[in-house]
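Results of the structural survey
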Amino acid sequence: MAAHTSQSVAKAAGDDDSVASRGRSRRTDSRNAGGLRRALATHWYAWAMVAPVVLVLGVIIGWPLVKGVYLSLTNANERNVSRTIGARHIEATYEFVGLDNYADVLSDPVFLQRLVWTVLWTVGCVSVTFTLGLVLANMLNRDFKGRALYRMALILPWAVPGFVSVFAWRFLFNRDNGILNKLLDGGGIAAVPWLDDPTWAKFSVIAVNVWLGVPFMMVALLGGLQSIPGELYEAAEMDGASAWQRFRHITLPGLRAVSMTVILLSTIWTFNMFPVIFLLTRGGPGDSTEILVTQAFREAFITSPRDFAVSATWGVLILLLLMIFALVYRRSLRKQGEVW
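Residues numbered from 1 in each chain as written. Predicted model: local features only at pLDDT ≥ 70, side-chain atom pairs only at ≥ 80, totals over all residues. Heavy atoms only, no water.

Considering the overall build of the protein chain
Heads up, the condition is: Strands are runs of DSSP state E lasting at least two residues, helices are runs of H or I lasting at least four, and both sets are numbered from the N terminus onward. Should any heavy atoms of two residues lie within 4.5 Å, those residues are considered in contact. Note on areas: these come from Shrake-Rupley sampling with a 1.4 Å probe, and a residue is covered only by the protein chains present in the view.
Secondary structure assignment for the protein chain yields 14 helices and two strands. For the protein chain, contacts bridging at least 24 residues in sequence account for 65% of all contacts bridging at least 6. Carbon and sulfur atoms make up 66% of the accessible area of the protein chain, which amounts to about 21300 Å² in all.

Below, the structure is given as C-alpha cells:
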C-alpha cells in the first residue's frame, strides 16, 4: 500500500512537472512571439527601409548564386542550353550530373596550378599593399607643409577607374614603345619583357594591383592612426621609449582592429581581381598569370564549346575557398580577443 502510494505521488509529481514545463515552454514561446511582434511594431520603419535593399540584394546576388550552384550540378554548355535561332526556339537538353563537375575540376592539375598562383598573387599583393599603406599613413599622419597635396596625390589612383589605370600601365609596360623601357634604354639597359616573360609578367600584375590598392589601405590606416590618443605617444616619449618601441607597443596595437578588417577585405578583393589580370596580360604569356576567377571566365566565354557548368563549378569553388578563409580568419581574431 505504501509502495503504491509513493508511486502515485511520484507519478503525480511527474505529471505536475511535465505540465509546468509545458506551461513554461508556452510562456517562453509566447514571450518570444510577443517580443518579435513588439519589435516589428516599434521598428517597422527600419524594416521598411531595409526591405528594398534586401530584395535588391536577393535579386542581384541571391538568384545568380542559386543559378550558378544549380548549373555546377549539370552538364550545361553552349550546345545544350536553350537558345533562339531566328524564329526557332531550341529547348535545353542538359542533364543533372551531381558532383561530377567538382570531381573533374578538383582532380585536374590545372586547378592546383591556378590555386597555387592565386594564393601567391593574393599574399604578395596584400602584404606589399599593407606595408606600403602603413608606411605612407605614418608619413601623412605627421604635420608638414603640403600634407593635403600629398594626400590628394596618393589617393588619385583610387579615383581613376580600374580599367583606365590598367590600360595606362599596359602602355607603360609595352616592350617596344613603353615609357619604362625607353627610360631603361636611355640608361644603356636592355629592354625588359614586362608582359612577355612569365616571371616579369607576374611581377607586373602584382605591381599594378599594389598601385591600385595602396590608396584604400593608406586611407583606412590613416583613419586608424588618427584615432589613437596622442597622450600615449607623449607618455611613452617621456618614459624614454624609442620610435620603434612606440610604433611596436602603441601604433600596431592601436591599428589592430582596422588592420584586421582591411586585410580581410583586401584579400577577398585581390583573390577575385579579374580586371588587372585579364586586361593587362589576359592570363599570359601562355597561362602563367591565370588565376581562379579568370579561369572561370575562360571556361564560360573563351573556350569552345563554352562550358557553363564547369565555369559555374569554378565559381562555386572560389566562393567556398573564400568562405573557409573568412571563417578561419574570424576564429583567429576571436582567439586574439577581437570581436568581429
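Having seen the model, we can carry on.
With respect to the packing of helix H3 (residues 100-107) against helix H14 (residues 308-335)
Rules: For helices, the fitted axis covers only the stretch in contact; all axes are lines through C-alpha atoms, and the angles between them, taken along N-to-C directions, range from 0 to 180 degrees. Our angle categories are set so that under 35 degrees counts as roughly parallel, over 145 as roughly antiparallel, 65 to 115 as roughly perpendicular, and the remainder as oblique. In the scheme used here, Gly and all other residues not listed as nonpolar or charged are polar, with Ala, Val, Leu, Ile, Met, Phe, Trp, Tyr, Cys and Pro taken as nonpolar and Asp, Glu, Lys and Arg as charged.
Interhelical geometry of H3 versus H14 gives an angle of 70° and a closest axis separation of 10 Å. With respect to H14, the axis of H3 lies roughly perpendicular. Counting all contacts with H3, which are made through Asn101, Tyr102, Val105 and Leu106, the residues of H14 involved are Ala309, Val310, Thr313, Trp314, Val316 and Leu317. When its residues are assigned to classes, the contact of H3 with H14 shows eight nonpolar, two polar and no charged.

Things to note about the nonpolar core
The following threshold applies: We call a set of buried residues a nonpolar core when its members are Ala, Val, Leu, Ile, Met, Phe, Trp, Tyr or Cys and they connect through side-chain atoms within 4.5 Å of each other. The rule is simple: take the accessible area with a 1.4 Å probe, protein chains only, and divide by the maximum for that residue type; under 20% is buried, over 50% is exposed, in between is partly exposed.
Trp121 and Val208 are the most contacted members of the largest nonpolar core, which has 31 residues in total. Of all elements in the fold, only H3, helix H4 (109-140), helix H6 (162-172), helix H8 (198-226), helix H12 (274-280), helix H13 (292-301) and H14 reach the threshold of two or more residues within this core. With six residues, the single largest contributor to this core is H14. By size, the runner-up hydrophobic cluster in this structure holds 22 residues, among which are Phe216, Leu222, Ile250 and Val262.

Describing the packing of aromatic side chains
Selection rule: When two rings of Phe, Tyr or Trp (its six-membered ring) have centres within 6.5 Å they constitute a pair, described as stacked for plane angles under 30 degrees, edge-to-face for angles over 60, and tilted for the intermediate range. A ring is scored as having a charge over it whenever the NZ atom of a lysine or the CZ atom of an arginine sits within 6 Å of its centre and within 35 degrees of its normal.
Enumeration over the complete set of coordinates arrives at 16 aromatic pairs. Both rings, one in Phe111 and one in Trp314, keep their centres 5.5 Å apart while their planes meet at 55°; by these two values the pair is tilted. Note that Phe111 is positioned in helix H4 and Trp314 in helix H14, a separation of 203 residues in sequence. Of the residues examined, Trp314 reaches a relative accessible area of 3% and is grouped as buried. When the ring of Trp194 is compared with that of Trp200, the centres are 5.1 Å apart and the planes differ by 75°; the resulting orientation is edge-to-face. On the accessibility criterion, Trp194 (11% relative accessible area) is buried. Each member of the aromatic cluster is reached from another via a ring pair, and the members are Trp169, Phe173, Trp194, Trp200, Phe203 and Trp211. Between Lys202 and the ring centre of Trp117, over which it is positioned, the NZ or CZ distance is 5.0 Å.

Notes on H6
Short version of the rule: By definition, the arc is the one covered by directions from the helix axis to the C-beta atoms.
Ser165, Val166 and Trp169 are the residues of H6 that are buried. What you see down the axis of H6 is that its buried residues fit within an arc of 100°, all on one side. Among the structural elements, helix H5 (147-159), H8 and H12 are those in contact with the buried residues of H6.

A word on unusual backbone geometry
Across the junction of Gly284 and Pro285, the peptide omega takes the value 0°, indicating a cis bond. Locating Pro285 in the fold gives a position in the loop between H12 and H13. With an omega dihedral of -5°, the bond running from Ser304 to Pro305 counts as a cis peptide bond. Tracing the chain through its elements places Pro305 in the loop between H13 and H14. At Arg282, a residue that is not glycine, the phi angle is positive and equals roughly 55°. Residue position: Arg282 is located in the loop between H12 and H13.

Considering a nonpolar patch on the surface
As a reminder of what qualifies: Patch definition: residues with relative accessible area over 30% and no salt bridge; like charges joined within 9 Å; nonpolar side chains (Val, Leu, Ile, Met, Phe, Trp, Tyr) joined within 5 Å. Take a side-chain nitrogen of Lys or Arg and a carboxyl oxygen of Asp or Glu: if they are within 4 Å of each other, that pair is a salt bridge.
Judged by side-chain polarity, Val53, Leu55, Val56, Leu57, Val59, Ile60 and Ile61 come together as a nonpolar surface patch covering roughly 670 Å² of accessible area. For Val56, a relative accessible area of 43% puts it in the partly exposed group.

Description of the pattern of salt bridges
Should their charged atoms come close, side chains of opposite charge can pair. This model, assessed by the stated rule, comprises four salt bridges. With a shortest N-O distance of 3.0 Å, Asp287 and Arg114 are connected by a salt bridge. Note that Asp287 is positioned in the loop between H12 and H13 and Arg114 in helix H4, a separation of 173 residues in sequence. Residue Asp287 is classed as partly exposed on the basis of its relative accessible area of 39%. With a shortest N-O distance of 3.9 Å, Arg175 and Asp196 are connected by a salt bridge. With Arg175 in the loop between H6 and helix H7 (179-186) and Asp196 in the loop between H7 and H8, this residue pair connects regions lying 21 residues apart in the sequence.

Quick notes on the environment of Ala201
In this structure, Ala201 sits in helix H8. Residues Ala201 and Ser288, spaced 87 residues apart in sequence, show a C-alpha to C-alpha distance of 8.1 Å. The residues touching Ala201, leaving out its near neighbours within four places in the chain, are Trp194, Leu195, Thr281, Gly284, Pro285 and Thr289.

Digging into the side chain of Thr74
For Thr74, the location among the structural elements is in the loop between helix H2 (44-72) and strand E1 (83-85). Those residues in contact with Thr74 that sit more than four places away from it in its chain are Tyr94, Glu95, Phe96, Val97, Asn101 and Ala309.

A look at the confidence of the model for the protein chain
To keep things clear, this is the line we draw: How sure the predictor is of each residue is captured by pLDDT, a score from 0 to 100.
Put simply, the protein chain has an average pLDDT of 84, and 88% of its residues get 70 or more. Summarising per-element confidence for the protein chain, the mean pLDDT is lowest in helix H1 (residues 2-42) (52) and highest in H3 (94). Below pLDDT 50 for its whole length, residues 1-30 participates in zero contacts with residues either more than four positions away or in separate chains.

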